[in-house]
Amino acid sequence: HYGTGASIHTYRIRALKHYGFKCQQCGYSDHEKMLDVDHINSNRKDNGLENLQVLCVWCHALKTRKVEAHLWNGHIKSMHDLLKEFQDWRIREKAV
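Since we're looking at a predicted model, the values are computed, not measured.

Participant: Before we move on, can you summarise the packing of aromatic side chains with the specific residues and values?
Facilitator: Applying the stated criterion to the full structure yields one aromatic pair. Seen from their ring centres, Tyr 28 and Trp 58 are 5.2 Å apart, and the 80 degrees between their planes marks the pair as edge-to-face. With Tyr 28 in the loop between helix H1 (10–19) and strand S1 (35–39) and Trp 58 in helix H2 (residues 57–64), this residue pair connects regions lying 30 residues apart in the sequence.

Here's what the structure looks like:
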């Protein structure tokens, strides 16, 4: 997905250095390997920084699959609610 040869991961490295090693959607930053660089307009040839964003694998999966809301334990939750719950969970885990 990130390319092959000498240019492998070039746009990933540029985006991570520019935006930081943190999900721009939910703030996740625990493990670099769990961060993806997403093409906002889904055009993988458009590697300008304005078309790239750092997302954790979970936020990237939701965005890629165009999930705006999710059925969770029988209740429909918005992307915002799911991200808030994820952030709250991370805070609780760090406190332990």
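Moving on, there is more to tell.
Participant: Residue-level account of the pairing of S1, with values.
Facilitator: With respect to burial, S1 is a largely interior element, five of its five residues being buried. A two-sided burial pattern is seen for S1, the buried positions comprising Leu 35, Val 37 and His 39 on one face and Asp 36 and Asp 38 on the other. Where S1 lies against strand S2 (residues 52–56), five bridges are found, and the strand directions are antiparallel. Residue pairing in the sheet places Asp 36 in a bridge with Leu 55 of S2.

Rules used in this analysis
Throughout this document, residue positions are counted from 1 along each chain, in the order its sequence is written. With pLDDT at 70 or above as the cut-off, local features in this predicted model cover only qualifying residues; side-chain atom pairs require 80 or more to be listed or tallied, and sums for whole chains, interfaces and linings still use all residues. Computation of side-chain values covers all heavy atoms of the structure but excludes hydrogens and water. Stacked, edge-to-face and tilted are the three classes for Phe, Tyr and Trp ring pairs, Trp counted by its six-membered ring, which pair at centre distances within 6.5 Å; planes under 30 degrees apart are stacked, over 60 edge-to-face, the rest tilted. Elements are defined by DSSP. Helices are runs of H or I of four residues or more, strands are runs of E of two residues or more, and each kind is numbered from the N terminus. Note on classification: 1.4 Å probe, protein chains only; a residue is buried when its accessible area is under 20% of the maximum for its type, exposed when over 50%, partly exposed between these limits. One bridge is not enough; two strands pair if DSSP finds at least two bridges between them.

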